[in-house]
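Breakdown of the fold
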Amino acid sequence: MADAAKQRYALITGANKGIGFQICRQLASRGMVVILAARDEKRGIEAREKLKEFDNVVFQQLDVADPASVAAVFEFIKSTFGRLDILVNNAGIRGVDVAGDVSVLEEYIVADCAFFEAGGQVEEPFHPKAEGKLVETLKNAEECIETNYYGAKRVTEALIPLLQLSDSPRIVNVSSTLGSLVLQPNEVAKRVLSSKEGLTEERVDEVVQEFIKDLKKGKVEEKQWPPHFAAYKVSKAALNAYTWLAAQRHPRFLVNSVCPGFARTDITFNHGPLSEVEAAEAPVKMALLPDGGPSGSFFHRLEALSL
Ligand SMILES: NC(=O)c1ccc[n+]([C@@H]2O[C@H](COP(=O)([O-])OP(=O)(O)OC[C@H]3O[C@@H](n4cnc5c(N)ncnc54)[C@H](OP(=O)(O)O)[C@@H]3O)[C@@H](O)[C@H]2O)c1
């Protein structure tokens, strides 16, 4: 291994499978010491085993929704490596189940991406062809917000003291095009999350809590929250806003969020044009940004790859 001063240490959350696992592989093959974090010990150890050609990968248990587990990761990194250079907040869930034909999920994602690409200009109502139905329960929604937004924030806040010891700290939040504000019909959420002036973490949290409150009262439609993937869209929009705030607070860090693209993983029921390997490329690129690179931005896959 390289000497400790030059060695770079990277933590990837939700790394036992999918895009996170491939981010680990790609960073390990570039010589980083990779902390492959997974909430389930057995699945994490098995994933580590699949990377046995590398002697620079270690497994660590981490449930981003569990503050005790986050605290244990901090202690592990502090006592083993002394600092952290790269944090990739990749762990995520879709916050929705499907009853019937799961390919309906792909249809909704493709329709949302078309709406995004048209800048919100598509007028016709969307009717999926597949005989499946998206099921978004309160439990699904709360877990989604807890994992995708509060989980990423919790891990980041806990590990900032270790990132401050790096001479080139990087934080990559794996976000989604579905978190774009073009796909957010709730005007208050759109206004608050898009405003740089006066934006605070408290205001981001207020938007998220307002969504949960409306969900509990059955007011999702009345308050014009997204008609589908509502929790996922709110969680990723909040994550993007938090990314900007964290970048302002830590000017020495490069903190960005990135959509990896629509990829065949468990979260998409293995639908989508990209492989897991291809989807890992953009987050890896953001993790390896040279000093002086962008910070506080949300990148789509191709934008990230063109940097
Ligand atoms: N695939 C796509 O098309 C796509 C597009 C845009 C954005 N993304 C984002 O990319 C990221 C990775 O998703 P993926 O496509 O690779 O999906 P995936 O294969 O389902 O992987 C998700 C990972 O997150 C982990 N996870 C879930 N809850 C967790 C928790 N509380 N603590 C720690 N880990 C947890 C899962 O662990 P378990 O195995 O234990 O469940 C799994 O390792 C997500 O943030 C997702 O929103 C994906």
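Everything here concerns the structure above.
All of the points below concern the structure found in this document. (Residues numbered from 1 in each chain as written. Predicted model: local features only at pLDDT ≥ 70, side-chain atom pairs only at ≥ 80, totals over all residues. Heavy atoms only, no water.)

Considerations on the overall build of the protein
Worth spelling out the cut-off: Helix numbering and strand numbering both begin at the N terminus, where a helix is a DSSP run of H or I of at least 4 residues and a strand a DSSP run of E of at least 2. Just to be clear, the radius of gyration here is over C-alpha atoms, and the globule rule we use is 2.2 Å times residues to the power 0.38. The classification of residues rests on relative accessible area computed with a 1.4 Å probe and restricted to protein chains. Under 20% of the type maximum is buried, over 50% is exposed, and intermediate values are partly exposed. Counting rule for charge: Lys and Arg are taken as positive, Asp and Glu as negative, and neither His nor the chain ends is counted. Working definition for charges: the position is that of NZ of Lys, CZ of Arg, CG of Asp or CD of Glu.
Along its length, the protein carries 10 helices and 9 strands. Computed over its C-alpha atoms, the radius of gyration of the protein comes to 19 Å, within 12% of the 19 Å expected for a compact globule of 307 residues. Looking at the protein as a whole, 54% of its 307 residues are labelled buried. Here the protein carries 36 positive and 42 negative side-chain charges, and the mean point of each set is 3 Å from the other.

Details of the site of the ligand
Operational definition: Residues are counted as near a molecule or strand when any one of their heavy atoms sits within 4 Å of it. What qualifies as a polar contact is a pair of N or O atoms within 3.5 Å, subject to a donor-acceptor requirement within protein and to the restriction that residues adjacent in sequence count only when both atoms come from side chains. Surface exposure here means Shrake-Rupley accessible area, sampled with a 1.4 Å probe, where a residue is shielded only by the protein chains that are shown.
Taken together, the neighbourhood of the ligand is formed by 29 residues, with N16, R39, Y232, A263 and T265 sitting nearest. A distance of 2.9 Å is found between a nitrogen atom of the ligand and a side-chain nitrogen or oxygen belonging to D63. Contacts to the ligand include V64, whose backbone N or O atom sits 3.0 Å from a nitrogen atom. Protein contact buries 95% of the 900 Å² of open area that the ligand shows by itself.

Digging into the environment of P67
Within the element layout of this structure, P67 appears in helix α3 (residues 67-80). For P67, a relative accessible area of 52% translates into the label exposed. Residues P67 and V155, spaced 88 residues apart in sequence, show a C-alpha to C-alpha distance of 8.5 Å.

As for helix α6 (residues 187-194)
Put simply, the rule reads: Each C-beta atom gives one direction from the helix axis, and the arc is the one those directions make. Residue contacts are counted whenever heavy atoms from the two residues lie within 4.5 Å of one another.
Buried residues of α6: A189, V192 and L193, and no others. Angular distribution of buried residues about the axis of α6 spans 90°; they occupy a single face of the element. Facing away from the buried side of α6 by over 90 degrees, the exposed positions are E187 and R191. Along its buried surface, α6 packs onto α7 (201-216) and α8 (230-249). Where α6 begins, one side-chain oxygen reaches toward the backbone nitrogen of V188, 3.1 Å away; that side chain belongs to N186.

So, the sheet that holds strand β2 (residues 33-38)
Selection rule: Any two strands with at least two DSSP bridges between them are considered paired. Only the stretch in contact is used when fitting a helix axis, every axis being a line fitted to C-alpha atoms; angles between N-to-C directions are given from 0 to 180 degrees.
Read from one edge to the other, the open sheet built from 7 strands follows the order β3-β2-β1-β4-β7-β8-β9, with strand pairing classed as parallel. Both edges of this open sheet fall to β3 (57-61) and β9 (298-299), since each of them pairs with a single strand only. Across 5 bridges, strand β7 (residues 170-174) lies against strand β8 (residues 254-258) in parallel orientation. Bridged to N173 within β8 is S257. Contacts from α8 reach β7, β8 and β9, with the element oriented near 165° to β8. This element, helix α9 (residues 276-287), spans β4 (86-89), β7, β8 and β9 of the sheet and lies at about 155° to β7.

Some points on the environment of K17
Secondary-structure assignment places K17 in the loop between β1 (9-12) and α1 (18-29). Sequence separation between K17 and E46 is 29 residues, and the spatial gap between their C-alpha atoms is 9.9 Å. At a separation of 2.9 Å, a polar atom in the side chain of K17 contacts the side chain of D266.

Brief notes about unusual backbone geometry
In this structure, F229 is a non-glycine residue whose phi angle is positive, near 55°. What makes F229 buried here is its relative accessible area of 3%. For F269, which is not glycine, the phi dihedral falls at a positive 50°. Examined against the element boundaries, F269 turns out to sit in the loop between β8 and α9.

Things to note about the pattern of salt bridges
Where we set the bar: By salt bridge we mean one thing: a side-chain nitrogen of Lys or Arg within 4 Å of a carboxyl oxygen of Asp or Glu.
Evaluated as defined, the whole model comprises 20 salt bridges. For the salt bridge of D266 with K17, the shortest nitrogen-to-oxygen distance reads 2.9 Å. Of this pair, D266 sits in the loop between β8 and α9 while K17 is found in the loop between β1 and α1, placing the two residues 249 residues apart along the sequence. Using a relative accessible area of 42% as the deciding quantity, one classes D266 as partly exposed. Here K139 and E143 are joined by a salt bridge, their closest N and O atoms 3.1 Å apart.

Details of the packing of aromatic side chains
What counts, and what does not: Between rings of Phe, Tyr and Trp, where Trp is taken as its six-membered ring, a pair exists when centres lie within 6.5 Å; planes separated by under 30 degrees are stacked, by over 60 edge-to-face, and by other angles tilted.
One pass over the structure, following the stated rule, counts 6 aromatic pairs. For the ring pair Y9 and F81, a centre distance of 4.8 Å and an interplane angle of 25° mean the geometry is stacked. Separated by 72 residues along the polypeptide, Y9 in strand β1 and F81 in the loop between α3 and β4 bring together distant segments of the chain. Grouping residues by exposure puts Y9 and F81 together as buried. Their ring planes at 75° and their centres at 5.1 Å tell us that Y108 and F126 sit as a pair that is edge-to-face. Residue Y108 is located in helix α4 (residues 103-117), and its partner F126 is located in the loop between α4 and β6 (132-135); the two are separated by 18 residues in the primary sequence. Residue F126 is classed as partly exposed on the basis of its relative accessible area, which comes to 35%. Here the aromatic residues Y9, F76 and F81 are joined through ring pairs into a cluster of three or more.

Any functional reading would require information beyond the geometric quantities listed.
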